Amino acid sequence: MAHPLHDAVRGSLDNCVKCTICETYCPVSAATPLFPGPKYVGPQAERFRGEGPSPDDSLTWCSSCGICTHVCPQGVKIAEINSIAKAEMAAERGIPLRDRLIARPTLAGRLGAPVAPLANRLARNRLVRAAVERAVGVHRRAALPTWAGRTFQSRTRLRRQPPGRPGERPAVVYFHGCAANYYETHTAEMAVRVLEMQGLDVIVPRQGCCGLPLQSNGLYPAARHYVRRLAGSLAPYARAGHDIVSTSTSCGLMLKREAREILDMEDDDDLRAVSGRMYDICEYLALMHERGELRTDLLTPLDMEVPYHAPCQLRGHGVGTPAMDLMRLIPGLRPRQVDAVCCGVAGTYGLKREKYDVAMAVGEPVFGQVRESGAELSVCDSETCRWHIAEATGVPSVHPVAMLHRSYGLG
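As a starting point, this report considers the structure included with it. (Residues numbered from 1 in each chain as written. Predicted model: local features only at pLDDT ≥ 70, side-chain atom pairs only at ≥ 80, totals over all residues. Heavy atoms only, no water.)

## Some words on a nonpolar patch on the surface
Consideration 1: On the surface, a nonpolar cluster with roughly 390 Å² of combined accessible area is contributed by Leu-97, Leu-101, Leu-107 and Leu-111.
Consideration 2: Looking at the nonpolar patch, the elements with two or more residues in it are helix H7 (97-102) and helix H8 (105-112).
Consideration 3: With respect to the helices and strands, the residue Leu-107 is situated in helix H8. (Patch = residues over 30% accessible without salt bridge, like charges linked within 9 Å, V, L, I, M, F, W, Y side chains within 5 Å. Areas by Shrake-Rupley, 256 points an atom, 1.4 Å probe, with all protein chains shown as cover. Salt bridge = Lys/Arg side-chain N within 4 Å of Asp/Glu carboxyl O. Helix = DSSP H or I, 4+ residues; strand = E, 2+ residues; numbered from the N terminus.)

## With respect to the side chain of Arg-98
Consideration 1: Mapping Arg-98 onto the fold places it in helix H7.
Consideration 2: The exposure class of Arg-98 is buried, given its relative accessible area of 9%.
Consideration 3: A polar atom in the side chain of Arg-98 sits 2.4 Å from the side chain of Asp-99.
Consideration 4: Among the polar contacts made by the side chain of Arg-98, one reaches the main-chain carbonyl oxygen of Gly-137 at a distance of 2.7 Å.
Consideration 5: If near-sequence neighbours (up to four positions away) are discounted, Arg-98 is found in contact with Val-136, Gly-137, Val-138, Lys-352, Arg-353 and Glu-354. (Buried < 20%, exposed > 50% of the residue type's maximum accessible area, 1.4 Å probe, protein only. Polar contact = N/O pair within 3.5 Å; in protein donor to acceptor, adjacent residues only side chain to side chain. Contact = heavy atoms within 4.5 Å.)

## What about the packing of helix H6 (residues 78-93) against helix H16 (residues 249-262)?
Consideration 1: Relative to each other, H6 and H16 sit at 55 degrees, their axes nearing to 11 Å. The orientation of H6 relative to H16 falls into the category oblique. Note on packing geometry: the crossing formed by H6 with H16 is right-handed. Contacts between H6 and H16 involve Glu-80, Ser-83 and Ile-84 from the former and Arg-257, Glu-261 and Ile-262 from the latter.
Consideration 2: Among the residues forming the contact of H6 with H16, the class breakdown is two nonpolar, one polar and three charged. (Axes fitted to C-alpha atoms, helices over the stretch in contact; angles between N-to-C directions. Parallel < 35°, antiparallel > 145°, perpendicular 65-115°, else oblique. Left-handed = near helix turned anticlockwise from the far one by under 90°. Nonpolar A, V, L, I, M, F, W, Y, C, P; charged D, E, K, R; others polar.)

## Topic: helix H15 (residues 220-239)
Consideration 1: Spanning 20 residues, H15 covers 27 Å between terminal C-alpha atoms, matching the ideal 28 Å at 1.5 Å per step.
Consideration 2: Three or more residues of H15 are buried, namely Tyr-220, Ala-223, Arg-224, Tyr-226, Val-227, Leu-230, Ala-231, Leu-234, Ala-235 and Ala-238.
Consideration 3: Along its buried surface, H15 packs onto H6, strand E1 (171-175), helix H14 (212-216), strand E3 (243-246), H16 and helix H17 (269-275).
Consideration 4: A positive backbone phi angle near 95 degrees is found at Gly-241, which sits one or two residues after H15. (Expected span 1.5 Å × (residues − 1).)

## Comments concerning the sheet that holds strand E4 (residues 278-280)
Consideration 1: As summarised here, the arrangement of the four strands in space is E2-E1-E3-E4, forming an open sheet in which the pairing is parallel. Of all strands in the sheet, those with a lone pairing partner are strand E2 (201-203) and E4, marking the two edges. Strand-to-strand, the axes of this sheet are offset by a mean angle of 35 degrees, without reference to chain direction.
Consideration 2: As paired elements, E3 and E4 share three bridges and run parallel to each other. Looking across to E4, one finds that Ser-246 is bridged to Asp-280.
Consideration 3: Against the sheet, helix H13 (residues 185-197) contacts E1, E2 and E3, and its axis sits at roughly 165 degrees relative to E1. (Pairing = 2+ DSSP bridges.)

Encoded structure:
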């Protein structure tokens, strides 16, 4: 199957000088011999694939963490080459029911939210999880989120607005994503309160999934449909001059860059408008601090040390580690960045029965440092990484805005 992005992405593979830096940094090839490494299945194999599907199954063990692209000194789009090749292989061989289901978090959220207590009990029942693993291939010990019951969107409609008439204060749009809408509603509420603390009105438009899980599982046509629908919802605000912030590092990156590059949606006017205004929330707050607009005078001491894991997707933003910069502003707080590159889950990768053990092996250096810290909680920007780390370590994991929220005394 021909892909219109091949020319642009494949063009970068000729820059590969076989330095093997990508192999050195790849966390998956270090964890399992089943994956020969990003150079082998990426630039090297792409020369033989041409426009056809990959004949090599080892490609499916790539987690699409994107570290290979980030570390490549020659600018080769290794992760993007592999993502497109995986999608072509999936289209040729068929996509399993399991992958079609876990690629639609909105569907799971809508089904589970009205019956959250029952859904949460079933999701933690060993017999049910064993049956689900046998039936569809979701590993019985893989971390699953907890349904919140009432969605953040429904809570937002009842939210008390800060003093002042609409339009009197600068406004920012909040893109919460599926996780904060159906599961981590507390993260969304804390993010809104922290933004309001900076004197901002927070606009929460109706919104759906960004399509990233669909893209990751090779369902490109459906992913493009989701992106177009979401971009259509957010674009009017972007064109009105409002910045858009997200608490989901991966979903924000999808709208900022990945959908245009991997799904070949550069010509979508709505997406281009949204991409130009999209910020990770920590990136946005750190920029406010650089401009002298962040309320540091209201931060109160937090006498604690916390391990912080920078998720792989954050590297794709190219903004450094703004969460560390923000946490260092909190008096008494001692954030310590974990010295490991990946927790292993890579979105839906670590949920899959055949990939779970690899995901756990990749994440062990992160898990070990979190456990050894003795901290009461860890901090990470990505929701799936937080769930994976908390399940593996038994230590709760929170978004960086939770530390600001606590320091501001907001609850």
